[in-house]
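In case you want the letters, here they are:
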Number of protein chains: 2
Amino acid sequence: MARPPSALREHILRSALRLFAESGYKGTSLHDIAQVTGCSKAALLYHFASKDAILTELLTPAGEGLAALRARLTGLDGAAAAREAVTGFVDLALRFRLEVRVLFQDIPMMTTHPALGAVPAVVELLLTALAGGSTAPPDTVAAHMVLGAVSVTAADDLGVPEEVLRAEMIRGALRTLGRAPDHP
Amino acid sequence: MARPPSALREHILRSALRLFAESGYKGTSLHDIAQVTGCSKAALLYHFASKDAILTELLTPAGEGLAALRARLTGLDGAAAAREAVTGFVDLALRFRLEVRVLFQDIPMMTTHPALGAVPAVVELLLTALAGGSTAPPDTVAAHMVLGAVSVTAADDLGVPEEVLRAEMIRGALRTLGRAPDHP
DNA sequence: GTCAGATCTGACCGATCGGACAGTTATTGT
DNA sequence: ACAATAACTGTCCGATCGGTCAGATCTGAC
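Residues numbered from 1 in each chain as written. Chains lettered and ligands numbered in written order. Predicted model: local features only at pLDDT ≥ 70, side-chain atom pairs only at ≥ 80, totals over all residues. Heavy atoms only, no water.

This next bit is on the overall build of chain A. Secondary structure assignment for chain A yields 10 helices and 0 strands. Reading chain A from its N end, one meets helices and strands in the order α-α-α-α-α-α-α-α-α-α. For chain A, buried positions account for 50% of its 184 residues. For chain A, the proportion of contacts with a sequence separation of at least 24, taken over those separated by at least 6, is 69%. Just so you have it, chain A exposes about 8,400 Å², and 58% of that area is on carbon and sulfur atoms. When the 17 basic and 19 acidic side-chain charges of chain A are each reduced to a single mean position, those positions are 3 Å apart. (Helix = DSSP H or I, 4+ residues; strand = E, 2+ residues; numbered from the N terminus. Buried < 20%, exposed > 50% of the residue type's maximum accessible area, 1.4 Å probe, protein only. Contact = heavy atoms within 4.5 Å. Areas by Shrake-Rupley, 256 points an atom, 1.4 Å probe, with all protein chains shown as cover. Lys, Arg positive; Asp, Glu negative; His and termini not counted. Charge placed at Lys NZ, Arg CZ, Asp CG, Glu CD.)

Right, let's get into the packing of helix 6 (residues 97–105) of chain B against helix 9 (residues 137–155) of chain B. Residues and elements named next belong to chain B. Running from amino to carboxyl end, helix 6 crosses helix 9 at an angle of 115°, the nearest separation of the two axes being 8 Å. Considered as vectors, helix 6 and helix 9 are oriented roughly perpendicular to each other. Here helix 6 and helix 9 pass one another in a crossing that is left-handed. Counting all contacts with helix 6, which are made through Arg-97, Val-100, Arg-101 and Phe-104, the residues of helix 9 involved are Ser-151, Val-152, Thr-153, Ala-154 and Ala-155. (Axes fitted to C-alpha atoms, helices over the stretch in contact; angles between N-to-C directions. Parallel < 35°, antiparallel > 145°, perpendicular 65-115°, else oblique. Left-handed = near helix turned anticlockwise from the far one by under 90°.)

Time to look at the UniProt feature "domain: HTH tetR-type" (unreviewed entry) in chain A. If you check UniProt for "domain: HTH tetR-type" (unreviewed entry), the listed places come out as residues 6–66 of chain A in our numbering. A distance of 27 Å separates the end C-alpha atoms of residues 6–66 of chain A, which is 79% helix and 0% strand. (UniProt positions renumbered as here; feature names shortened; annotations may be inferred.)

Taken together, 15 residues lie near DNA strand D, and Lys-41 and Lys-51 of chain A together with Ser-40, Tyr-46 and His-47 of chain B sit nearest. With respect to DNA strand D, the backbone of Leu-30 of chain A contributes an N or O atom lying 2.9 Å from a phosphate oxygen. Here a phosphate oxygen of DNA strand D and a side-chain polar atom of Lys-51 of chain A are 2.6 Å apart. Sorting the residues of the surface near DNA strand D by element identifies helix 3 (41–47) of chain A together with helix 3 (41–47) of chain B as the ones contributing at least two each. Among the elements that take part in the surface near DNA strand D, helix 3 of chain B stands out by supplying 4 residues, more than any other. Residues belonging to the surface near DNA strand D are distributed by class as follows: 8 nonpolar, 5 polar and 2 charged. (Near = heavy atom within 4 Å. Polar contact = N/O pair within 3.5 Å; in protein donor to acceptor, adjacent residues only side chain to side chain. Nonpolar A, V, L, I, M, F, W, Y, C, P; charged D, E, K, R; others polar.)

Residue and element names in this part refer to chain A. In terms of domain boundaries, chain A breaks down into domain 1 (1–48) and domain 2 (59–176). A separation of 27 Å is found between the C-alpha centroids of domain 1 and domain 2. Taken residue by residue, the interface counts 8 residues in domain 1 and 8 residues in domain 2. Summing both partners gives a buried area of about 690 Å² for domain 1 against domain 2, and 69% of it is carried by carbon and sulfur. Of all residues in domain 1, the largest losses of buried area upon contact with domain 2 belong to Leu-17, Ala-21 and Tyr-25, amounting jointly to 60% of the total for that side. Linking domain 1 with domain 2 are 1 salt bridge, by the criterion used here. For Lys-26, the salt bridge identified is with Asp-106, shortest N-O distance 3.9 Å. Partitioned by chemical class, the residues of the side of domain 1 that touches domain 2 number 4 nonpolar, 2 polar and 2 charged. (Domains from an automatic or database assignment. Buried area = accessible area lost by both parts, 1.4 Å probe. Salt bridge = Lys/Arg side-chain N within 4 Å of Asp/Glu carboxyl O.)

If you walk through the whole model with that rule in mind, you get 3 aromatic pairs over all chains. Lys-51 of chain B extends its terminal NZ or CZ atom over the ring of Tyr-25 of chain B, reaching a point 4.3 Å from the ring centre. (Phe/Tyr/Trp six-rings, centres within 6.5 Å; stacked < 30°, edge-to-face > 60°. Lys NZ or Arg CZ within 6 Å of the ring centre and 35° of its normal.)

Further remarks concern the nonpolar core. Counting 122 residues, the largest nonpolar core has Phe-20 and Met-169 of chain A together with Phe-20, Leu-126 and Met-169 of chain B as the members making the most contacts within it. The residues touching Met-169 of chain B, leaving out its near neighbours within four places in the chain, are Val-141 and Met-145 of chain A together with Val-90, Leu-94, Val-150, Thr-153 and Ala-154 of chain B. (Core = buried A, V, L, I, M, F, W, Y, C linked by side-chain atoms within 4.5 Å.)

Right, let's get into the protein's contact with DNA strand C. Taken together, 15 residues are adjacent to DNA strand C, and Ser-40, Tyr-46 and His-47 of chain A together with Lys-41 and Lys-51 of chain B come closest. Atoms of DNA strand C within 4 Å of the protein belong to the sugar or the phosphate in 62% of instances, the rest to bases. Between DNA strand C and Ser-40 of chain A there is a distance of 2.9 Å, counted from a phosphate oxygen to a side-chain nitrogen or oxygen. Every element with two or more residues in the surface near DNA strand C is listed here: helix 3 of chain A together with helix 3 of chain B. With 4 residues, helix 3 of chain A is the largest single contributor of residues to the surface near DNA strand C. Of the residues that constitute the surface near DNA strand C, the class distribution is 8 nonpolar, 5 polar and 2 charged.

Structure representation (structure tokens):
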């Protein structure tokens, strides 16, 4: 990150993100990335220390977004917390659609990845916020469903304009939680 | 499948399913499966033609379940179709929790896998059923959310008893669709 | 012009992958 | 008892993986 931005370097990142989202991390080889980028495999390892370093740099912004959401969430509770959790998570999922795809394709590796170290705690916080502070089955199930629904729908590419998608996802999530979208 | 059932053969299948669900298909080697099963790597390839053949046999029951759901769905429409789609899909996801995990971890490969050839058509049918026959943005988004919510929640292992989980998932899905759980 | 450092390449390395094969052990029908 | 077949193992194979390295090439300062 201390490195000055290079054209090839960012080109590599874009290619890698696309390939990781298409075929998964393990399903994408350095050879594939180099070929799509149009450079040699060694060039990748000149700009990045390892294949994992590419993944780390790709996931870091999303991880920071999650941390920011956590910060915005602390202090809130009840209906306000749930609403902020829903809108915040939807916006985040839409801003990092490809990253979410990558995440979902290698869950076991990602849950322990350093770039996403804060994720489990944030998810936990999101779940309790979505469940309105409850930890009993009825609410926790709905909270899990919201996280799953938003993640998968954001990762999928249905042909809906992003603004419509955002509004409908928020409305759907609030309905899932049993809260009226407009009047709390 | 024409082969007579063998104790080791089914042991292999169980081990492979667990490992695939934990680490993904590409993240699991034949060596890993052999080690967990307690046999040699060559024994795996005696009972199965290839690594992919193991995956195929693991996913076939789930694929058949989806085909059966499709059969049960044809002819229905409107609210009845949506309700049947929800309960049918929830039951299916809960019956094949580990298989759903495997599916989600290698989406690009699975979408073209022969054992799941009927899946895209079934998903399409499920989506239209869930959307109440509509193909416009408001309903299609909610339909996608339901599929995502059910799949992810079933794959995750929250500590909720399966009966409670089933009931809450159905209720949540119907709420997501904007339908009252009890009174249509 | 030329020198230094950044950038990039082709060739190569050890490890691991899925899979093949010959041969050995267990099982079974007669 | 014994042949025949099923079940299984150890070993080897080519391909591919992530990663290394010495050297070629490009670039700007002086």
